[in-house]
Amino acid sequence: MIGYNSNINKTILLSIILSTRLLAVDDLSIDDLLQDIEKKTDLSEKTKLENGGISYIFTRNDIEKMQAHNLKDILKSTYPFGYNENRFGLSDPYLVQASTPYMSSSIKVYIDNQEITTGLYGSGIILYGNMDIDFVDHIEIYSVNPTFEFSTEAAFTVIKLYSKVAKKDEGSKVAISGGSRGTKSITGYTTSHLENDWSYFAYASKVDDRREKYDNYGATLSRDSKTDHMFGSFSKGNHKILLDIISRSQDGFIGNSIFATPKDSTIDTDYIHIGYDTKYENISFLATFDSVNTKTYFEDIYSSNIAAINSTNGTSYAYLLDSDSNSEVYTASIKYNKNIGSNKLLVGSSYRLKHFNYDKIELNGEPLPNTGHDQQTTSTTFIENQHSIADNKIFTMGVSYSIVNNNHSNQDDNLLSYRLGYTYTNENIISKTIVSNVQIAIDPYLVNSIYLVDINKKIKPTNLDIYMEDLKYRLGSNLYEFIASYTTIQDQLIPNDAGLLDNYDKTLYIKSIFLRYVREYNNYSKFEFTIGYNNTANCTMDKKFFQYASTLRDLKTIGRFDIFNEILFYKDNYEYKGFYDYGAGVTYHKSDDLSFSIKGTNILNKARATEYKMLDPNTYTTDSSLHISSIDRKVMLTMEYTF
Amino acid sequence: MKKILILIISLNIILADNNYEQKLYEKVLTSIFTNIPIRIYADNDTKEILKYSSKFKLVDHCDRDTLILVGKKFDNLDEVCKNKPIFATTYKGFKYMKNSFGAFYWRKGRPQIKFKKNMIDFYGLDLPESLRKYAK
């Protein structure tokens, strides 16, 4: 009976909303109508998942005004606590003052509906965290185990990059940038409709990113990189083909050096993604292929000292590391959705094969033992249902089961995750209550590896239980949001005193509160303020770990000028110091087709720093450490021309 | 009744896209062509947008009585239609179709209205005051 009444209400409601909105259109000017069309057809309005956990949407207007040419410009201010880079200069947002090789495997990156992934490291964020994003229309970030719809592997955070489409960007654009320390880039795209209703979008970029360098005991720590990137999409109706090619050479920052004194540290990566996805009536199908080749080389200035330590203590600290690895990931998935009365059912199954091999891996001149482990398969089945209890009350239930098998290894995992959600809406309020459980297996590169406390040890999957309330209240052009969450993490992988990884024997308890206020002055101008607090108990520190973070952002259009101001604040009880990242930018639109921009990032040079632990090469003590920010002080000038 | 289901709103937004664009076409074209309903020969994509409007009469084949053509590209037109004015729906169509006098298209993610002054004069069309600022 509820379902029947609900359907009648929906039909009436739809008619009323539609006719009311369109009646008013007759009185609008052409300019108003154009603005309304832009707002109503904003691609982010169509793709966002209102039931998908905590969501952050960066619209095209936000991205352009913020002059966010790089994904980290966006990530640094998002929930829970921004952007970070690890000892290798690689994007690792979840890194928190730790020396675990890679912390961010549970962040999954998608371009449109296709995941960008790697065979060894589990997450595409390692590639895309510091990637140019001029091909992106808008970005959606979902946190707290958002949905099983996208995930072949368990995800805590999903980042969806939606590429530009021919309909809205027909023509071509070229952008040239130059700035601090000789950083320069050129990006461009062309897009058009083809015959037979196909359309294409082709993008290419060349970025020479010069980063702040640091001297340390005679070594220069560098994160400079040169990246060539090509992206192409072909679309027709529900058919989409994506091609993404990246070639990057970068300096490997501290690398494996225990003294943080690399003589040479480089990482060269070649990446290819090819994928096809489609939808026919209620069935969606996807097939993708990802391939990564990575060559790393590291040599320490103090090689002889480290060799002596190894000889004395029986350790195997790296002073010379040379590796050449290849990985391929094949993914196929099928999903079926059906509306049955007041239920919206989604069932899916996916299969992923990861194959990887080291053409070469030598530590201190000796080849590392090969266990034969070169393949991982993940088979996942999920079912998710959205049940409308009433017009404004939705109950979401989902279960996902994955079987992860590693060959030549004792590391096989069966992962069961679930998600319960309740969404309530009225004219002004959206309330989401989510209880979820996520189990995350270790990445292939760690399976029976020398990084573990015991090479033969079977590592338990990390288990997260999350309880979250997200309350949004909209009053006119003001949006107020309050998020409270409580997370427990069992069997987190952490390094012991010798730096070797093992499951943590204590449960981590994380309490978080997050407040957000957004005021939209008009379609193009808005102000945003956020403040967040994290409290982690039982961490390896002697005390609870507190984090505070806040964002103030103002985006404005005044005449032909777009103006952007942003302050990010961060403080924790580890550093006992407040960090401020102030960024500002102005774009001058000389005409519809030509614009000039200037942007400063970390202008005060006080952005959040990460601690990188090291031994003093003179005393061999752990007294000193490096404190380096992932966000450089930088000024960039950009010219964009559309034709 | 005041309570709103988000999924319905999303559906409504998608449905309303075409209606907003239809209203824009109505507003622009009826202020230039006063013989309503305007006989239009449109390509398939544009037909989907205009088909519910009472201001337009869509024809399946371009003939002598067709007033204007609306769409992104027109090949193999009959002789009688080769010189008829075209309102383009893409930037390329506006730029390269010699008969295009105006257009509604998207550039840099934003909707645009444009007119060519020389073609407006060529066809003897009268742009109302509200549209003159879009003409070059």
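Residues numbered from 1 in each chain as written. Chains lettered and ligands numbered in written order. Predicted model: local features only at pLDDT ≥ 70, side-chain atom pairs only at ≥ 80, totals over all residues.

Draft legend 1. Broad picture of the overall build of chain B. Check the secondary structure of chain B and you find five helices and six strands. What you see in chain B, going N to C, is helices and strands ordered as α-β-α-β-β-β-α-β-β-α-α. When the 136 residues of chain B are sorted by exposure, 34% land in the buried category. Partitioning the intrachain contacts of chain B with sequence separation of at least 6 by distance along the chain shows that 30% fall at a separation of at least 24. (Helix = DSSP H or I, 4+ residues; strand = E, 2+ residues; numbered from the N terminus. Buried ≥ 20, exposed ≤ 12 C-beta atoms within 10 Å, placed from the backbone. Contact = placed C-beta atoms within 7 Å.)

Draft legend 2. The pairing of strand β12 (residues 239-251) of chain A, seen in detail. All names here are of chain A. Looking at chain direction, strand β11 (residues 225-236) and β12 are connected through 12 bridges and run antiparallel. Bridge assignment links His229 to a residue of β12, and that residue is Ile246. Joining the antiparallel neighbours β11 and β12 is a turn of two residues, in which Gly237 adopts a positive phi near 55 degrees. The sheet contact formed by β12 and strand β13 (residues 262-280) spans 12 bridges and is antiparallel. Looking at the pairing, Gln250 lines up with Ile267 of β13. (Pairing = 2+ DSSP bridges.)

Draft legend 3. Expanded view of the sheet that holds strand β4 (residues 136-143) of chain A. All names here are of chain A. Strand order in the open sheet formed by five strands is β1-β4-β5-β2-β3, and the pairing between neighbours is mixed. Two strands in the sheet have a free side with no partner beyond their single neighbour: β1 (54-58) and β3 (114-116). This sheet shows a mean twist of 25 degrees between the axes of neighbouring strands, independent of strand direction. (Axes fitted to C-alpha atoms, helices over the stretch in contact; angles between N-to-C directions.)

Draft legend 4. Seen up close, the environment of A:Tyr271. Residue and element names in this part refer to chain A. Topologically, Tyr271 is positioned in strand β13. For Tyr271, a count of 21 C-beta atoms within 10 Å corresponds to the buried category. In this structure, the C-alpha to C-alpha distance between Tyr271 and Ile245, residues 26 residues apart in sequence, is 5.6 Å. Excluding anything up to four places from it in sequence, Tyr271 contacts Leu127, Ile246, Ser291 and Val292.

Draft legend 5. Spotlight on the nonpolar core. Residues A:Tyr110, A:Ile139, A:Ile159 and A:Leu161 are the most contacted members of the largest nonpolar core, which totals 87 residues. Beyond its immediate sequence surroundings of up to four residues, A:Ile159 is in contact with A:Ile107, A:Val109, A:Tyr110, A:Ile139 and A:Ile141. Ranked by size, the runner-up nonpolar core spans 33 residues in total, among them B:Cys62, B:Val70, B:Ile86 and B:Ala103. (Core = buried A, V, L, I, M, F, W, Y, C linked by C-beta atoms within 7 Å.)

Draft legend 6. Structural view of the sheet that holds strand β6 (residues 110-115) of chain B. Residues and elements named next belong to chain B. Taken together, six strands build an open sheet; the order of strands is β2-β1-β3-β4-β5-β6 and the sheet is mixed. This sheet does not close on itself; its edge strands, each paired only once, are β2 (56-58) and β6. Taken pair by pair, the neighbouring strands of this sheet meet at an average axis angle of 25 degrees, ignoring direction. Where strand β4 (residues 86-88) and strand β5 (residues 100-107) come together, three bridges link them in parallel fashion. Of the residues in β5, the one forming a bridge with Phe87 is Gly102.

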